[in-house]
Amino acid sequence: MEDTSSNPLKKKRRFESLDILKGLVMVIMVLDHVRDFFHADVHTFDPADPILSNIPVFFTRWITHFCAPTFVFLSGASIAFVASRKTTSETRAFLLSRGCWLMFCDAFIVSFLWLFDLDFDLFILGVIWVIGLAMVCSAFVFKLNSRILLGLALAIVVGHHSLDFLNHDNPSLLHAVLHQLWKFEFGFGAVFVAYPLLPWLGVMWGGIVLGRSCLTMPVDERLRWMKRWGITLTVGFVVVRLWSGYGNSDPWEIHPTHSGTLIDFFSPSKYPPSLAYLAMTLGPSMLILTQIENVKNQISQWLMVFGKVPFFFYLIHLLAIHVFAIPIAAYQGFGWDAMFLDEFVSLDESLSGYGFSLLGTYLIWAMLVVLLYRPSRWWMTYKRNHPEKIWLSYL
């Protein structure tokens, strides 16, 4: 594969299929977060519980698993596009500054949007945090040859399970940031590491290689390349999951019901993401990319709006969901202050009995997505019409 690092392009290029896929996973992400805030059963059982859950509830959670891996992967592709039109020093400065900005935003702004906690007693290091941290790391490797970068990405994604034995009940903050889901209590409050760096860093570096393929490969060759990888990863998921050994942080079991077995099989570990989890999500995502290369219709144009303003959309969708939940909680008798939280909403036992059926959850999701379209389109247009405002690239 040709390396674009020695052939910087100054003209900004967009690849609509990537924007469409990014928009699609953003819309699906809203469903997951609406489920967190409005589905009554989140306070009763885990949707991946093979005993208590059911197929409709599980599917509602399962489909949203595609969001984080795809978003991190496409963030890597965006790095390749930025590097193609900026100098090395400009790209490195952008990655360092934007990465630190995203880390700050997730720890403070996004955590606030999740909790509405004016005391800031809990800082959640989530997907935006890990994208920012991975960007900072990528600032020092984005010039590497594509084959080397892909090799490093695969080594991280496949090899990070060799660190599983180091996980324990009292990890250091550094270890948790690298590889273990954990909540730390400090004098100033709690820090919850939800998205450790490994193996998300490998996913981003794989995305950089994808972005370079968009810039350098003829379309037909690139589509064949993505199809091969998509099939390899999808089949790889089935093989690794059936094996239930290395690559499965959370092995599956056969249950008394077919639905229970199916739920357990398709619930590989996400925190941190196992090899099986990433293969299950990234394989189909790459196959979808091959099918939407030249799609142009009203739905694709609609999804592209969200895909072109992902961080803005991320912030306003959380704000809209949380604000809407306040009067709903009050109406259902939980009080106006019920949604001013000190822990993640689905873990708040005081909200047991709050919420709607799964159908009601889907209706709220559809309503919010429609309401978020116009502000997203406005922000997309504003950014496009003001390229001289550098700060817009950070939101």
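So, how was this worked out
- Residues numbered from 1 in each chain as written.
- Predicted model: local features only at pLDDT ≥ 70, side-chain atom pairs only at ≥ 80, totals over all residues.
- Heavy atoms only, no water.
- Helix = DSSP H or I, 4+ residues; strand = E, 2+ residues; numbered from the N terminus.
- Expected span 1.5 Å × (residues − 1).
- Bend = angle between axes of the 7 residues up to and from the residue.
- Patch = residues over 30% accessible without salt bridge, like charges linked within 9 Å, V, L, I, M, F, W, Y side chains within 5 Å.
- Areas by Shrake-Rupley, 256 points an atom, 1.4 Å probe, with all protein chains shown as cover.
- Salt bridge = Lys/Arg side-chain N within 4 Å of Asp/Glu carboxyl O.
- Buried < 20%, exposed > 50% of the residue type's maximum accessible area, 1.4 Å probe, protein only.
- Axes fitted to C-alpha atoms, helices over the stretch in contact; angles between N-to-C directions.
- Left-handed = near helix turned anticlockwise from the far one by under 90°.
- Contact = heavy atoms within 4.5 Å.
- Nonpolar A, V, L, I, M, F, W, Y, C, P; charged D, E, K, R; others polar.
- Pairing = 2+ DSSP bridges.
- Parallel < 35°, antiparallel > 145°, perpendicular 65-115°, else oblique.

Just give me the short version of helix 4 (residues 88-115), but keep the residues and values in it.
When the terminal C-alpha atoms of helix 4 are compared, their 39 Å separation across 28 residues agrees well with the 40 Å that a helix rising 1.5 Å per residue should span. The sharpest bend along helix 4 reaches about 40° and sits at Asp106. In the stretch just after helix 4, Phe116 is the one whose phi turns positive, near 55°.

Describe a nonpolar patch on the surface, naming the residues involved and giving the relevant values.
Together, Trp101, Phe104, Phe108 and Ile109 make up an exposed nonpolar region whose accessible area comes to about 340 Å². Position of Phe108 among the secondary structure elements: in helix 4.

Tell me about the pattern of salt bridges, and please be specific about residues and values.
Taken as a whole and assessed by the stated rule, the structure comprises five salt bridges. The salt bridge partner of Arg35 is Asp32, with a shortest N-O separation of 3.1 Å. Of this pair, Arg35 and Asp32 both sit in helix 1 (residues 16-38), three residues apart, roughly one helical turn. Look at Arg35 and you get buried, because its relative accessible area is 6%. A residue is classified by how much of its surface remains accessible, and Asp32, at 9% relative accessible area, is buried. Each of Asp32, Arg35, Asp36 and Arg61 takes part in one network of salt bridges that share partners.

Describe the packing of helix 12 (residues 298-308) against helix 14 (residues 358-385), with residues and values.
Where helix 12 contacts helix 14, the two axes come as close as 8 Å, and the packing angle between them is 65°. Read as a crossing pair, helix 12 and helix 14 show a hand that is left-handed. Note on element contacts: helix 14 touches helix 12 through Val369, Leu372, Tyr373, Ser376, Arg377, Met380 and Lys383, opposite Trp302, Val305, Phe306 and Lys308. The residue inventory of the contact of helix 12 with helix 14, partitioned by class, reads seven nonpolar, one polar and three charged.

Give me the lowdown on the sheet that holds strand 3 (residues 189-193), citing residues and values where you can.
Spatial ordering of the open sheet is given by 1-3-2, a layout of three strands whose pairing is mixed. Two strands in the sheet have a free side with no partner beyond their single neighbour: strand 1 (122-125) and strand 2 (182-186). This sheet shows a mean twist of 15° between the axes of neighbouring strands, independent of strand direction.

Now, about the packing of helix 3 (residues 67-85) against helix 8 (residues 197-216): what can you tell me, with residues and values included?
Two packed helices can be described by the angle between their axes and the distance between those axes. Interhelical geometry of helix 3 versus helix 8 gives an angle of 50° and a closest axis separation of 6 Å. Judged by the angle between their axes, helix 3 and helix 8 are oblique. Relative to helix 8, the crossing made by helix 3 is right-handed. Residues Ala68, Pro69, Val72, Phe73, Leu74, Ser75, Gly76, Ala77, Ile79, Ala80, Phe81 and Ser84 of helix 3 lie in contact with helix 8, whose contacting residues are Trp200, Val203, Met204, Gly206, Gly207, Ile208, Leu210, Gly211, Arg212, Cys214 and Leu215. Taken together, the residues that form the contact of helix 3 with helix 8 break down as 16 nonpolar, six polar and one charged.

Describe the pairing of strand 3, with residues and values.
Most of strand 3 sits out of view: four of its five residues are buried. Inspection of the sheet shows strand 1 paired to strand 3 by four bridges, in the parallel sense. Considered in strand 3, the bridge of Leu125 is made with Val193. Of the strand pairs in this sheet, strand 2 and strand 3 are connected by five bridges, and their pairing is antiparallel. In the strand pairing of strand 3, Phe186 is matched with Gly189. Here strand 2 folds back onto strand 3, and the loop between the two strands holds two residues.

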